[in-house]
Amino acid sequence: MHILLPTGSATVEIVKAAAARASDRHRIDVVVTGDVASFLAPGDLRRLLAGRGYDMAIVSGMCTASFADVERDTGVPIYRGPRHAADLPMVLSVLDRVRLSKTIPADEYLAETRREEACRQVALREEAADFDFIIRGRKIGGGARMKVLAEIMDAHKRDDLVGEVERFFADGADIVDLGFGFDATPEDVKRCFSALADIEGPLAVDTQDPLLIAAALSRADLVLSLHEGNIPAVGKAVADAGAAAVVVPGERTLFENLNAAREAGICCLIADPLLQPVGSGLAGSLARFPEIPYPLFFGAGNVVELLDADSPGANALLAGLAHEVGAAVVFTSEHSDKTQGSVAEMRRATEMMALMTDRPYPKDLGLDLLTLKEKRRRREPPLEYESVMEARPMPDEITYDPLGCIRIGIEGDLIVAVHRGRAVRGRRWEDVFYTLLENGSLSRLDHAAYLGKELFKAELAVRLKRSFEQDGPF
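About the cut-offs
- Residues numbered from 1 in each chain as written.
- Predicted model: local features only at pLDDT ≥ 70, side-chain atom pairs only at ≥ 80, totals over all residues.
- Heavy atoms only, no water.
- Salt bridge = Lys/Arg side-chain N within 4 Å of Asp/Glu carboxyl O.
- Helix = DSSP H or I, 4+ residues; strand = E, 2+ residues; numbered from the N terminus.
- Buried < 20%, exposed > 50% of the residue type's maximum accessible area, 1.4 Å probe, protein only.
- Polar contact = N/O pair within 3.5 Å; in protein donor to acceptor, adjacent residues only side chain to side chain.
- Contact = heavy atoms within 4.5 Å.
- Core = buried A, V, L, I, M, F, W, Y, C linked by side-chain atoms within 4.5 Å.
- Phe/Tyr/Trp six-rings, centres within 6.5 Å; stacked < 30°, edge-to-face > 60°.
- Pairing = 2+ DSSP bridges.
- Axes fitted to C-alpha atoms, helices over the stretch in contact; angles between N-to-C directions.
- Right-handed = clockwise from strand over helix to strand, strands pointing away.

(A) Layout of the pattern of salt bridges. The tally for this structure, following the rule as stated, stands at 33 salt bridges. Salt-bridge contacts for Asp 73 lead to Arg 46; the nearest nitrogen and oxygen are separated by 3.2 Å. With Asp 73 in helix H3 (residues 68-74) and Arg 46 in helix H2 (residues 42-49), this residue pair connects regions lying 27 residues apart in the sequence. With relative accessibility at 30%, the residue Arg 46 sits in the partly exposed group.

Structural data, given as structure tokens:
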């Protein structure tokens, strides 16, 4: 394949090195079109392509110009390469198998393509997987993907229980668990489950009180948790309702309680050896996860909630441990601010583990939980300049925009900017800024720079599920 790679003088050596590595598969011409590759003009590209027999051209992913007319006039397909020259070897290595996009930078496009393929593989493997039993359409145990169970604590005190349950399912929960404290009554339990009558996904009740368990059995698909103290009182009712149950050890061993639950007639049982938090016996409790003929329950949420560390990495590692011990259900929660997003993180982590078939490690899967750090840093060439001026401190005095101040905040997943009683809302900071500019809401360059900074901070807060304070540190 004969390929044209127009580039800038700043990155030409990186591009030439990438082209040389692909020379056994493609004939690649690297042509310098200026200082910066992204400034390539359509006219220059048209002249480079004319009459030279190229099969395709790959332009910088940072180019903002449209090359549709050039492609039409020359008949040569023009694709977007990566935004960074350092990613070019990866792009050139897949040209035989993947067609690039003409509008989306190659690094972004290929990452999305890999994600889509990874998700497709997860779905195919789940469809073909064997299982121990099914809870309202969800395969449990066997070769099925580990299922994510998300807990809502004190469900009877929630103002928008339906909304929270729907959000957890939307974030990837397979089962949503309603927890009830000691102050809950059977009427509270019935009210909560009645409110969820239109929810299609599996629901669990989390209490050890036999009266509360019984009150949930008209809708609950799963009961947490049974042991020697409540099996005699409610075990038969659970069996008659056809509900599954998580069994825990207590004064009797886990095996003894599992046998008692089976004798009560409960067919679908999940064993919970009780995972302990860090510092309270995590390693020891992992060693106690037994090889028994029941699906295993893995209480990852109890570890993450009691660990002051960012949740994505903790959830990924715990999902890996759950995978190694053969867990069927992974428990997670979002009780604290620091664990917000854990449901989606744990779902992604279980999908990563599901893709580990025939792989020694959960890496290069197409799915990841890299949130703030990069898989690999890009080494771009250094900037070139003839003179330098050290930045001066910004003056303390503020010159306010005569058009007035703009208040910035976030509402859910939206950025909101309010100017003189009129709000602009959007998901991207640049959209909000552009609308403010078009509305005539600002007149000073320094105000524009300030707004760009604050709006981008707001977008980061939304993306990373953090709080936002205008003028405050991020």
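Okay, back to it.
(B) Region of interest: the side chain of Ser 333. Position of Ser 333 among the secondary structure elements: in strand E14 (residues 327-333). A distance of 3.0 Å separates a polar atom in the side chain of Ser 333 from a polar atom in the side chain of Glu 305. When neighbours within four sequence positions are excluded, Ser 333 is seen to be in contact with Glu 151, Gly 301, Glu 305, Thr 339 and Ser 342.

(C) Region of the structure containing the nonpolar core. Core analysis: the biggest nonpolar cluster contains 73 residues, and Val 165, Leu 178 and Phe 180 have the highest contact counts within it. In this view, Leu 178 contacts Ile 152, Ala 155, Leu 161, Val 165, Cys 192, Phe 193, Leu 196, Ala 204, Val 205 and Asp 206; residues no more than four positions away in its chain are not counted. Judged by nonpolar contacts, the second largest core, of 19 residues, contains Ala 19, Leu 92, Ala 106 and Leu 110.

(D) Structural context of the packing of aromatic side chains. Applying the stated criterion across every chain, the model contains five aromatic pairs. Here the aromatic rings of Phe 297 and Phe 331 are separated by 6.2 Å at their centres, their planes lie at 40°, and the arrangement is tilted. Placement of Phe 297 in strand E13 (residues 296-298) and of Phe 331 in strand E14 is noted, with a sequence separation of 34 residues between them. Taking the centre distance of 6.4 Å and the plane angle of 75° together, the rings of Trp 429 and Phe 456 count as edge-to-face. One end of the pair, Trp 429, is in helix H15 (residues 429-438); the other, Phe 456, is in helix H16 (residues 445-463), with 27 residues separating them in the sequence. Exposure remark for Trp 429: the relative accessible area of 26% places this residue in the partly exposed category.

(E) Focus on the sheet that holds strand E17 (residues 422-426). Spatial ordering of the open sheet is given by E15-E16-E17, a layout of three strands whose pairing is antiparallel. Both outer strands of the open sheet, strand E15 (407-411) and E17, are each paired with one neighbouring strand and no more. If you compare each strand with its neighbour and ignore which way they point, the axes differ by 25° on average. Bridge analysis of strand E16 (residues 414-419) against E17 gives five bridges, and the strand direction is antiparallel. Directly across from Ile 415, in E17, lies its bridge partner Gly 426.

(F) Expanded view of the sheet that holds strand E1 (residues 2-8). With parallel pairing, four strands are arranged side by side in an open sheet as E2-E1-E3-E4. Of all strands in the sheet, those with a lone pairing partner are strand E2 (27-34) and strand E4 (78-80), marking the two edges. In this sheet, neighbouring strand axes are inclined to one another by 25° on average, regardless of whether the strands run parallel or antiparallel. Two elements, E1 and E2, share seven bridges in a ladder whose sense is parallel. Pairing of Leu 5 across the sheet is with Val 30, part of E2. Sheet strands in contact with helix H1 (residues 12-21) are E1 and E2, and its direction is about 170° off that of E2. H2 rests against E1, E2, strand E3 (56-59) and E4 of the sheet, and its axis sits at about 145° to E1.

(G) Representation of the pairing of strand E8 (residues 175-179). Across the five residues that make up E8, a large majority, five, are buried. At this point the chain moves from strand E7 (residues 147-152), through helix H6 (residues 161-170), to the parallel E8, and the crossover so formed is right-handed. Sheet topology places E8 next to strand E9 (residues 203-206); four bridges connect them, and they run parallel. By the bridge assignment for E9, Leu 178 is matched with Val 205.

(H) Focus on unusual backbone geometry. The omega torsion of the bond from Leu 224 to Ser 225 falls at 0°, within 30 degrees of zero and hence cis. Topologically, Ser 225 is positioned in strand E10 (residues 222-226). Phi at Arg 420 takes a positive value of approximately 50°, unusual for a residue other than glycine. Counting through the fold element by element, Arg 420 comes out in the loop between E16 and E17.

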